Amino acid sequence: ENQSLAGVVGRSWSNSEPKYLNSMSELGFQRSFYNAHKLAKLHKKIMYTVVLTEGALDALAVERAGYRFALGTFGDVLTEEQISLLEGVRYITQFADNDSVGIKAALKNAATLGRPYRAICIAYSQSKEKDASELAENGHLDLVQQYITRAMTCNEWSCLRLRNEFELMRSR
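Owing to the predicted nature of the structure, the values given are computational and were not obtained by experimental measurement.

Draft legend 1. Representation of the overall build of the protein chain within the structure. The number of helices and strands found in the protein chain is 7 helices and 7 strands. For the protein chain, the sequential pattern of α-helices and β-strands runs β-β-α-β-α-β-α-β-α-β-α-α-β-α. When each of the 172 residues of the protein chain is scored for burial, the buried share is 38%. Sequence-distant contacts in the protein chain: of pairs separated by 6 or more residues, those separated by 24 or more amount to 67%.

Draft legend 2. Summary view of helix α4 (residues 100-113). With 14 residues, α4 should cover 20 Å at 1.5 Å per step; its first-to-last C-alpha distance of 20 Å lies within 8% of that length. For α4, the complete set of buried residues consists of Gly 102, Ile 103, Ala 105, Ala 106, Asn 109, Ala 110 and Leu 113. Seen from one end, α4 has its buried residues packed into an arc of 160°, which puts them on one side. Residues of α4 that are exposed and angled more than 90 degrees away from the buried face: Ser 100, Lys 104 and Ala 111.

Draft legend 3. Summary view of the confidence of the model for the protein chain. A residue-level look at the protein chain finds 80% of positions with pLDDT of 70 or above and a mean pLDDT of 82. Mean pLDDT values over the elements of the protein chain span from 64, in strand β2 (residues 20-22), up to 95, in helix α6 (residues 141-149).

Draft legend 4. View of the state of the cysteines. All chains considered together, the criterion is met by 0 disulfides. Of all cysteine sulfurs in the structure, the one in Cys 121 sits closest to Cys 154, which takes part in no disulfide; the separation is 7.5 Å.

Scoring rules and cut-offs
- Residues numbered from 1 in each chain as written.
- Predicted model: local features only at pLDDT ≥ 70, side-chain atom pairs only at ≥ 80, totals over all residues.
- Heavy atoms only, no water.
- Helix = DSSP H or I, 4+ residues; strand = E, 2+ residues; numbered from the N terminus.
- Buried < 20%, exposed > 50% of the residue type's maximum accessible area, 1.4 Å probe, protein only.
- Contact = heavy atoms within 4.5 Å.
- Expected span 1.5 Å × (residues − 1).
- Arc of directions from axis to C-beta.
- pLDDT = per-residue confidence, 0-100.
- Disulfide = S-S within 2.5 Å.

Written out as structure tokens, the structure reads:
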């Protein structure tokens, strides 16, 4: 809002733990979005898609792949404040981490964000890279674009999941 430093985010590139370091707690940071300032611009547009990611570096990777409105959530599950900031946004694609925590959080967020006027889709890395920042790190911005373009609605996601579970049961 006031153009002042809200926090610092860092990432380990050497596979050391912790993978991400955030200054949020030390500065009394209230969790909003990375790129929250772009929401004001969005509400002036009729047709737009917001891409939600778990982290700021994932949002940067999505921007590098060509999407102007990428928001990092600083965590997997949305807060009430974040949900209210998204009021009025009609198209949301969540680029989830491709682990069980990321997928479960994306499904929970989709249920929370559901509105009659809103389309919500889920995208995720279908390769060895866990998220958008790892895809970008390995030179795969084309895959970030591809996964977002092919994002599924929650209904499509649920049907695919049921079909896969059914096929697994039949193969036993």
